[in-house]
Amino acid sequence: KRPTITMTHYAARKYCEWLSHVTGRHYRLPTEAEWEYAARAGTQGPYPVDVALTSWVERWKAKLLGGAPIDAVLLGEYAWFVLNSGSKTQPQGTTSANPWGIHDMMGNAWEFCSDRYDPSVLASYPTGEPVLNPRGPDSGEEHVIRGGSYKSNYSDLRSAARASTNHDGWMKTDPQTPKSV
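The rules behind each value
Residues numbered from 1 in each chain as written. Predicted model: local features only at pLDDT ≥ 70, side-chain atom pairs only at ≥ 80, totals over all residues. Heavy atoms only, no water. Pairing = 2+ DSSP bridges. Helix = DSSP H or I, 4+ residues; strand = E, 2+ residues; numbered from the N terminus. Axes fitted to C-alpha atoms, helices over the stretch in contact; angles between N-to-C directions. Contact = heavy atoms within 4.5 Å. Buried < 20%, exposed > 50% of the residue type's maximum accessible area, 1.4 Å probe, protein only. 1 Å grid on protein atoms, 1.4 Å probe; cavity = no way out; pocket = protein on both sides within 12 Å on 5 of 7 lines; lining within 4 Å. Points joined across faces, edges and corners; volume = space filled by probe spheres on them. Nonpolar A, V, L, I, M, F, W, Y, C, P; charged D, E, K, R; others polar.

1. Regarding the sheet that holds strand β2 (residues 143-146)
No. 1: The 3 strands are arranged β1-β2-β3 in an open sheet whose pairing can be described as antiparallel. Two strands bound the open sheet, and with one partner strand each, they are β1 (111-116) and β3 (162-164). Taking each pair of neighbouring strands and ignoring which way they run, the sheet shows an average axis angle of 40 degrees.
No. 2: Where β1 lies against β2, 3 bridges are found, and the strand directions are antiparallel. Residue pairing in the sheet places F112 in a bridge with I145 of β2.
No. 3: Together, β1 and β2 form the strand contacts of helix α1 (residues 9-23), whose direction differs from that of β1 by roughly 95 degrees.
No. 4: Packing against the sheet, helix α2 (residues 32-40) makes contact with β1, β2 and β3, and its axis sits at approximately 140 degrees to β1.

2. Describing α2
No. 1: When we look at burial in α2, the residues that qualify are E32, W35, A38, A39 and R40.
No. 2: Check the buried side of α2 and you find it contacts β1, β2 and β3.
No. 3: One or two residues past the end of α2 sits A41, with phi positive at roughly 55 degrees.

3. Notes on the layout of surface pockets
No. 1: The computed volume of the largest pocket comes to approximately 1,300 Å³.
No. 2: Of all elements in the fold, only α1, β1, β2 and α5 (167-173) reach the threshold of two or more residues within the lining of the largest pocket.
No. 3: The residue makeup of the lining of the largest pocket, split by class, is 17 nonpolar, 15 polar and 9 charged.
No. 4: The space that makes up the second largest pocket amounts to roughly 510 Å³.
No. 5: Forming the walls of the second largest pocket are 21 residues, and the residues nearest its centre are A33, E36, Y37, R40 and P134.
No. 6: A per-element tally of the lining of the second largest pocket places α2 first, with 5 residues.

Rendered as structure tokens:
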């Protein structure tokens, strides 16, 4: 009932292959562009729901006191993150869905994408024109992860926020001996 965590990108791909074999349907990790399209759910803002502070008093207090420029309570209705998760994953589907009815696109657990990670890939795309189904580089050690986790700050939950896997760092936390692939 909770998201699967502590697996490598390789293990996630292998799971998709196994599930495809068992069900007769094709499963794979989404591309980064596919993930963002589903997460945005037809919206244009930084989050798929409007969580901006609307009162000028609240916006002024946030700016003056260094608080979040968003309504963290409202965001908590859609995502499990550092302010509401209790420092652990939560059961899936327990937050409100995005406008397309998809749950858990923000927070709870980072989600793997099939694209390899390049921190400057966006700068390689042409400016001023849409890029249809962009893909990451053909090589590289790390892959893209999206969506943030239960330990993330609100900025990691933005639809455009991206990070990379940290394979070597994860392997240090793997309790198995010998280490898994």
